[in-house]
Amino acid sequence: MPEQPPYEPEGAMAATGTGGTMDLAASEATTLEKTPGGGPGGTGPEGKPRSLWSDAWHDLRRNPVFLASALVILFLVLLAIRPSLIAPGNPLSCDLSKALDGSRAGHPFGYDGQGCDVYTRTVYGARTSVTVGVCATLGVALLGSVLGGLAGYFGRYWDAVLSRITDIFFAIPVLLGGLVLLSVVTSTTVWPVVGFIVLLGWPQISRIARGAVITAKQNDYVLAARALGASDARILLRHIAPNAVAPVIVVATIALGTYIALEATLSYLGVGLKPPSVSWGIDISAASPYIRNAPHALLWPSGALAITVLAFIMLGDAVRDALDPKLR
(Lines give C-alpha, C1' and ligand atoms only; values in the text may rest on other atoms or scores of the structure.)
Protein backbone atom coordinates (compact mmCIF):
# COMPACT_ATOMS: atom_id res chain seq x y z
CA MET A 1 0.00 0.00 0.00
CA PRO A 2 1.28 3.51 -0.71
CA GLU A 3 2.48 5.44 2.29
CA GLN A 4 -0.02 8.07 3.49
CA PRO A 5 1.29 11.64 3.50
CA PRO A 6 1.74 13.19 6.93
CA TYR A 7 -1.08 15.37 8.28
CA GLU A 8 -0.30 19.05 8.03
CA PRO A 9 -2.55 21.26 10.25
CA GLU A 10 -1.91 24.40 8.22
CA GLY A 11 -2.95 22.81 4.94
CA ALA A 12 -5.58 20.18 5.73
CA MET A 13 -7.19 18.47 2.72
CA ALA A 14 -10.89 17.58 2.51
CA ALA A 15 -12.70 15.57 -0.17
CA THR A 16 -15.06 17.58 -2.32
CA GLY A 17 -17.45 14.75 -3.21
CA THR A 18 -16.39 14.83 -6.89
CA GLY A 19 -13.13 13.01 -6.47
CA GLY A 20 -11.04 16.15 -5.91
CA THR A 21 -9.78 17.86 -2.82
CA MET A 22 -9.82 21.38 -1.44
CA ASP A 23 -7.54 23.18 0.98
CA LEU A 24 -8.88 23.99 4.44
CA ALA A 25 -7.36 26.09 7.14
CA ALA A 26 -6.69 24.36 10.44
CA SER A 27 -9.56 26.15 12.18
CA GLU A 28 -12.02 25.15 9.44
CA ALA A 29 -10.93 21.52 9.55
CA THR A 30 -11.41 21.46 13.32
CA THR A 31 -14.87 23.00 12.94
CA LEU A 32 -15.93 20.24 10.53
CA GLU A 33 -14.81 17.63 13.01
CA LYS A 34 -16.63 19.15 16.00
CA THR A 35 -19.83 20.37 14.36
CA PRO A 36 -22.75 17.90 14.80
CA GLY A 37 -23.73 16.36 11.50
CA GLY A 38 -20.46 17.39 9.89
CA GLY A 39 -21.75 20.81 8.77
CA PRO A 40 -20.26 24.20 9.44
CA GLY A 41 -21.61 26.61 12.04
CA GLY A 42 -25.10 27.86 11.20
CA THR A 43 -26.36 24.45 10.08
CA GLY A 44 -28.79 22.04 11.64
CA PRO A 45 -28.15 18.60 13.14
CA GLU A 46 -28.11 16.99 9.68
CA GLY A 47 -25.83 19.58 8.13
CA LYS A 48 -28.71 21.50 6.51
CA PRO A 49 -28.61 25.32 6.62
CA ARG A 50 -30.81 26.81 9.33
CA SER A 51 -33.53 29.28 8.40
CA LEU A 52 -33.56 32.85 9.69
CA TRP A 53 -36.01 31.98 12.45
CA SER A 54 -34.22 28.84 13.65
CA ASP A 55 -30.92 30.69 13.56
CA ALA A 56 -32.45 33.56 15.55
CA TRP A 57 -33.88 31.16 18.14
CA HIS A 58 -30.47 29.48 18.37
CA ASP A 59 -28.96 32.87 19.33
CA LEU A 60 -31.80 33.95 21.63
CA ARG A 61 -31.53 30.83 23.77
CA ARG A 62 -27.96 31.84 24.60
CA ASN A 63 -28.67 35.53 25.19
CA PRO A 64 -28.95 36.33 28.94
CA VAL A 65 -30.76 39.60 28.18
CA PHE A 66 -33.48 37.73 26.30
CA LEU A 67 -33.81 35.06 28.99
CA ALA A 68 -34.08 37.60 31.82
CA SER A 69 -36.63 39.79 30.03
CA ALA A 70 -38.63 36.74 28.89
CA LEU A 71 -38.88 35.48 32.47
CA VAL A 72 -40.12 38.87 33.69
CA ILE A 73 -42.67 39.08 30.88
CA LEU A 74 -43.86 35.52 31.52
CA PHE A 75 -44.38 36.40 35.18
CA LEU A 76 -46.34 39.52 34.19
CA VAL A 77 -48.54 37.51 31.83
CA LEU A 78 -49.31 35.03 34.61
CA LEU A 79 -50.23 37.94 36.89
CA ALA A 80 -52.48 39.37 34.19
CA ILE A 81 -54.28 36.04 33.81
CA ARG A 82 -54.54 35.09 37.50
CA PRO A 83 -53.55 37.96 39.82
CA SER A 84 -55.32 36.25 42.71
CA LEU A 85 -52.54 33.65 42.79
CA ILE A 86 -50.31 36.00 44.78
CA ALA A 87 -52.81 38.74 45.73
CA PRO A 88 -55.99 37.21 47.17
CA GLY A 89 -57.37 40.57 48.31
CA ASN A 90 -59.78 42.91 46.52
CA PRO A 91 -58.05 45.92 44.88
CA LEU A 92 -61.24 48.00 45.30
CA SER A 93 -61.59 47.23 49.02
CA CYS A 94 -60.37 50.31 50.94
CA ASP A 95 -60.41 51.47 54.57
CA LEU A 96 -59.89 55.19 55.17
CA SER A 97 -58.76 54.52 58.74
CA LYS A 98 -55.60 52.91 57.29
CA ALA A 99 -54.86 55.65 54.75
CA LEU A 100 -51.11 56.16 54.12
CA ASP A 101 -50.14 53.52 56.70
CA GLY A 102 -46.87 51.73 56.14
CA SER A 103 -46.25 48.05 55.61
CA ARG A 104 -47.60 45.49 58.04
CA ALA A 105 -48.19 41.75 58.15
CA GLY A 106 -50.13 40.69 55.07
CA HIS A 107 -49.76 44.13 53.48
CA PRO A 108 -46.07 44.49 52.58
CA PHE A 109 -46.48 47.63 50.43
CA GLY A 110 -48.63 49.58 52.87
CA TYR A 111 -51.74 51.59 52.02
CA ASP A 112 -52.47 54.51 49.70
CA GLY A 113 -54.35 57.74 50.34
CA GLN A 114 -57.74 56.00 50.15
CA GLY A 115 -56.73 53.17 52.45
CA CYS A 116 -56.39 50.62 49.63
CA ASP A 117 -53.74 47.91 49.77
CA VAL A 118 -50.88 49.06 47.51
CA TYR A 119 -49.61 45.50 47.03
CA THR A 120 -52.96 44.22 45.74
CA ARG A 121 -53.47 47.18 43.44
CA THR A 122 -49.93 46.90 42.07
CA VAL A 123 -50.44 43.22 41.23
CA TYR A 124 -53.84 43.81 39.61
CA GLY A 125 -52.41 46.77 37.69
CA ALA A 126 -50.32 44.31 35.66
CA ARG A 127 -53.52 42.99 34.05
CA THR A 128 -54.44 46.41 32.69
CA SER A 129 -50.95 47.21 31.41
CA VAL A 130 -50.42 43.85 29.70
CA THR A 131 -53.91 43.92 28.15
CA VAL A 132 -53.44 47.42 26.75
CA GLY A 133 -49.91 46.70 25.53
CA VAL A 134 -50.70 43.39 23.81
CA CYS A 135 -54.02 44.44 22.25
CA ALA A 136 -52.65 47.78 21.03
CA THR A 137 -49.54 46.14 19.58
CA LEU A 138 -51.57 43.50 17.74
CA GLY A 139 -53.88 46.16 16.31
CA VAL A 140 -51.04 48.45 15.29
CA ALA A 141 -49.01 45.61 13.74
CA LEU A 142 -51.98 44.22 11.80
CA LEU A 143 -53.25 47.55 10.46
CA GLY A 144 -49.83 48.99 9.73
CA SER A 145 -48.53 45.82 8.09
CA VAL A 146 -51.53 45.48 5.77
CA LEU A 147 -51.55 49.12 4.67
CA GLY A 148 -47.77 49.41 4.39
CA GLY A 149 -47.43 46.07 2.62
CA LEU A 150 -50.06 46.90 0.01
CA ALA A 151 -48.55 50.34 -0.60
CA GLY A 152 -45.05 48.93 -0.94
CA TYR A 153 -46.12 46.13 -3.27
CA PHE A 154 -48.44 48.02 -5.64
CA GLY A 155 -46.69 51.41 -5.38
CA ARG A 156 -47.67 54.32 -7.62
CA TYR A 157 -51.00 55.88 -6.65
CA TRP A 158 -51.57 53.72 -3.56
CA ASP A 159 -48.10 54.44 -2.22
CA ALA A 160 -48.45 58.18 -2.76
CA VAL A 161 -51.83 58.37 -1.02
CA LEU A 162 -50.71 56.28 1.96
CA SER A 163 -47.51 58.31 2.36
CA ARG A 164 -49.47 61.56 2.58
CA ILE A 165 -51.94 60.07 5.08
CA THR A 166 -49.03 58.78 7.14
CA ASP A 167 -47.46 62.23 7.19
CA ILE A 168 -50.71 63.69 8.54
CA PHE A 169 -50.84 61.19 11.42
CA PHE A 170 -47.16 61.72 12.20
CA ALA A 171 -47.88 65.45 12.60
CA ILE A 172 -50.36 64.82 15.46
CA PRO A 173 -48.70 65.01 18.92
CA VAL A 174 -49.53 61.83 20.80
CA LEU A 175 -50.23 63.38 24.21
CA LEU A 176 -52.17 66.29 22.76
CA GLY A 177 -54.20 63.89 20.62
CA GLY A 178 -54.92 61.77 23.68
CA LEU A 179 -56.04 64.77 25.72
CA VAL A 180 -58.41 65.85 22.96
CA LEU A 181 -59.80 62.50 21.85
CA LEU A 182 -60.03 60.67 25.19
CA SER A 183 -61.34 63.61 27.22
CA VAL A 184 -64.82 63.06 25.77
CA VAL A 185 -64.83 59.31 26.51
CA THR A 186 -66.69 58.19 29.63
CA SER A 187 -65.97 54.45 29.38
CA THR A 188 -63.88 52.92 32.17
CA THR A 189 -62.65 49.99 30.05
CA VAL A 190 -59.31 49.67 28.27
CA TRP A 191 -60.75 49.68 24.74
CA PRO A 192 -60.88 53.46 24.16
CA VAL A 193 -57.20 53.67 25.09
CA VAL A 194 -56.37 50.70 22.85
CA GLY A 195 -58.28 52.25 19.95
CA PHE A 196 -56.48 55.58 20.39
CA ILE A 197 -53.06 53.91 20.39
CA VAL A 198 -53.92 51.93 17.24
CA LEU A 199 -55.20 55.10 15.56
CA LEU A 200 -51.95 57.01 16.11
CA GLY A 201 -49.51 54.09 16.20
CA TRP A 202 -50.04 52.37 12.85
CA PRO A 203 -48.04 54.88 10.70
CA GLN A 204 -44.71 53.80 12.23
CA ILE A 205 -45.32 50.11 11.52
CA SER A 206 -46.66 51.04 8.08
CA ARG A 207 -43.40 52.75 7.14
CA ILE A 208 -41.38 49.75 8.32
CA ALA A 209 -43.59 47.25 6.46
CA ARG A 210 -43.54 49.35 3.29
CA GLY A 211 -39.75 49.46 3.19
CA ALA A 212 -39.44 45.73 3.93
CA VAL A 213 -41.90 44.82 1.15
CA ILE A 214 -40.17 47.09 -1.38
CA THR A 215 -36.88 45.36 -0.60
CA ALA A 216 -38.35 41.84 -0.68
CA LYS A 217 -40.25 42.22 -3.96
CA GLN A 218 -37.01 42.90 -5.83
CA ASN A 219 -35.55 39.48 -4.96
CA ASP A 220 -35.15 36.79 -7.59
CA TYR A 221 -37.64 34.37 -6.05
CA VAL A 222 -40.41 37.00 -6.31
CA LEU A 223 -39.53 37.72 -9.93
CA ALA A 224 -39.53 33.99 -10.66
CA ALA A 225 -42.94 33.51 -9.02
CA ARG A 226 -44.37 36.39 -11.04
CA ALA A 227 -42.88 34.93 -14.25
CA LEU A 228 -44.55 31.60 -13.49
CA GLY A 229 -47.92 33.32 -13.31
CA ALA A 230 -48.46 33.48 -9.54
CA SER A 231 -51.19 35.87 -8.44
CA ASP A 232 -50.48 39.00 -6.41
CA ALA A 233 -52.18 37.52 -3.36
CA ARG A 234 -50.03 34.37 -3.53
CA ILE A 235 -46.84 36.36 -3.98
CA LEU A 236 -47.68 38.60 -1.04
CA LEU A 237 -48.72 35.83 1.35
CA ARG A 238 -46.34 33.02 0.36
CA HIS A 239 -43.17 34.81 -0.73
CA ILE A 240 -43.01 38.41 0.49
CA ALA A 241 -44.76 38.36 3.88
CA PRO A 242 -42.57 35.63 5.50
CA ASN A 243 -39.43 37.50 4.42
CA ALA A 244 -40.62 41.00 5.35
CA VAL A 245 -42.20 40.34 8.73
CA ALA A 246 -38.97 40.29 10.78
CA PRO A 247 -38.49 44.09 11.07
CA VAL A 248 -42.18 44.50 11.89
CA ILE A 249 -41.87 42.03 14.78
CA VAL A 250 -38.81 43.83 16.13
CA VAL A 251 -40.40 47.29 16.06
CA ALA A 252 -43.70 45.99 17.47
CA THR A 253 -41.96 44.26 20.38
CA ILE A 254 -40.11 47.43 21.36
CA ALA A 255 -43.24 49.54 20.85
CA LEU A 256 -45.22 47.30 23.21
CA GLY A 257 -43.33 48.70 26.19
CA THR A 258 -43.85 52.21 24.86
CA TYR A 259 -47.60 51.66 24.63
CA ILE A 260 -47.72 50.50 28.25
CA ALA A 261 -45.93 53.68 29.30
CA LEU A 262 -48.30 55.74 27.12
CA GLU A 263 -51.36 54.22 28.81
CA ALA A 264 -49.91 55.00 32.24
CA THR A 265 -49.17 58.58 31.15
CA LEU A 266 -52.69 59.13 29.83
CA SER A 267 -54.18 57.61 32.98
CA TYR A 268 -51.94 59.84 35.10
CA LEU A 269 -53.27 62.88 33.25
CA GLY A 270 -56.85 61.72 33.87
CA VAL A 271 -57.87 60.98 30.27
CA GLY A 272 -56.85 57.32 30.00
CA LEU A 273 -58.36 54.73 32.29
CA LYS A 274 -60.60 56.12 34.98
CA PRO A 275 -61.63 54.80 38.41
CA PRO A 276 -62.79 52.23 39.39
CA SER A 277 -60.34 50.72 36.89
CA VAL A 278 -57.07 49.59 38.43
CA SER A 279 -54.06 51.05 36.66
CA TRP A 280 -50.52 51.94 37.60
CA GLY A 281 -51.03 55.37 36.05
CA ILE A 282 -54.09 56.02 38.23
CA ASP A 283 -52.23 54.91 41.38
CA ILE A 284 -49.20 57.05 40.54
CA SER A 285 -51.44 60.07 40.00
CA ALA A 286 -53.29 59.50 43.27
CA ALA A 287 -50.06 59.01 45.26
CA SER A 288 -48.19 62.03 43.85
CA PRO A 289 -49.50 64.51 46.48
CA TYR A 290 -48.25 62.22 49.29
CA ILE A 291 -44.73 61.64 47.99
CA ARG A 292 -43.19 63.19 51.14
CA ASN A 293 -45.48 61.65 53.74
CA ALA A 294 -46.02 58.23 52.15
CA PRO A 295 -43.47 57.58 49.37
CA HIS A 296 -44.27 53.85 49.39
CA ALA A 297 -47.65 54.53 47.73
CA LEU A 298 -45.81 56.07 44.76
CA LEU A 299 -42.65 53.98 44.53
CA TRP A 300 -44.23 50.53 44.17
CA PRO A 301 -46.52 51.18 41.18
CA SER A 302 -43.80 53.35 39.60
CA GLY A 303 -41.24 50.58 40.03
CA ALA A 304 -43.60 47.98 38.56
CA LEU A 305 -44.23 50.20 35.54
CA ALA A 306 -40.51 50.85 35.00
CA ILE A 307 -39.60 47.15 35.23
CA THR A 308 -42.37 46.18 32.81
CA VAL A 309 -41.41 48.76 30.18
CA LEU A 310 -37.72 47.90 30.55
CA ALA A 311 -38.43 44.17 30.13
CA PHE A 312 -40.27 44.66 26.83
CA ILE A 313 -37.63 47.05 25.48
CA MET A 314 -34.84 44.61 26.39
CA LEU A 315 -36.78 41.79 24.73
CA GLY A 316 -37.17 43.87 21.58
CA ASP A 317 -33.46 44.69 21.52
CA ALA A 318 -32.55 41.01 21.87
CA VAL A 319 -34.94 40.01 19.08
CA ARG A 320 -33.54 42.76 16.86
CA ASP A 321 -29.98 41.57 17.38
CA ALA A 322 -31.00 37.99 16.58
CA LEU A 323 -32.97 38.82 13.42
CA ASP A 324 -30.61 41.39 11.92
CA PRO A 325 -27.91 39.63 9.87
CA LYS A 326 -25.80 42.79 9.80
CA LEU A 327 -25.29 42.59 13.58
CA ARG A 328 -23.91 39.04 13.52
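A. Molecular detail of the packing of aromatic side chains. Taken as a whole, this structure holds six aromatic pairs when the rule is applied. Relative to Tyr119, the ring of Phe109 lies with its centre 5.2 Å away and its plane at 80 degrees, an arrangement referred to as edge-to-face. With a gap of 10 residues between them, Phe109 in the loop between helix H3 (64–81) and helix H4 (118–154) and Tyr119 in helix H4 connect regions that are remote in the sequence. Between Phe109 and Trp300, the aromatic rings sit 3.8 Å apart at their centres with planes inclined by 5 degrees, giving stacked as the arrangement.

B. Region of interest: helix H5 (residues 156–170). With 15 residues, H5 extends 21 Å between its outermost C-alpha atoms, agreeing within 8% with the 21 Å of an ideal straight helix rising 1.5 Å per residue. Those residues of H5 that are buried lie in contact with H4 and helix H7 (191–216).

C. Representation of unusual backbone geometry in the model. Residue Pro275 is joined to Pro276 through a cis peptide bond whose omega torsion reads 10 degrees. Checked against the element boundaries, Pro276 lands in the loop between helix H9 (232–268) and helix H10 (280–287). The backbone of Leu100 sits at a positive phi, close to 65 degrees, despite the residue not being glycine. Locating Leu100 in the fold gives a position in the loop between H3 and H4. Taking the relative accessible area as the measure of exposure, Leu100 reaches 27% and is therefore partly exposed. The backbone of Arg156 shows a phi angle near 50 degrees, a positive value even though the residue is not glycine. A relative accessible area of 79% places Arg156 in the exposed class.

D. Here's a closer look at the pattern of salt bridges. According to the stated counting rule, one finds seven salt bridges in the structure shown. Here Arg121 and Asp283 are joined by a salt bridge, their closest N and O atoms 2.9 Å apart. Separated by 162 residues along the polypeptide, Arg121 in helix H4 and Asp283 in helix H10 bring together distant segments of the chain. Summarising the burial analysis for this pair, Arg121 and Asp283 share the class buried. Among the ionic contacts, a cluster of salt bridges with common partners joins Arg164, Asp167 and Arg207.

The rules behind these values
- Residues numbered from 1 in each chain as written.
- Predicted model: local features only at pLDDT ≥ 70, side-chain atom pairs only at ≥ 80, totals over all residues.
- Heavy atoms only, no water.
- Phe/Tyr/Trp six-rings, centres within 6.5 Å; stacked < 30°, edge-to-face > 60°.
- Helix = DSSP H or I, 4+ residues; strand = E, 2+ residues; numbered from the N terminus.
- Expected span 1.5 Å × (residues − 1).
- Contact = heavy atoms within 4.5 Å.
- Buried < 20%, exposed > 50% of the residue type's maximum accessible area, 1.4 Å probe, protein only.
- Salt bridge = Lys/Arg side-chain N within 4 Å of Asp/Glu carboxyl O.

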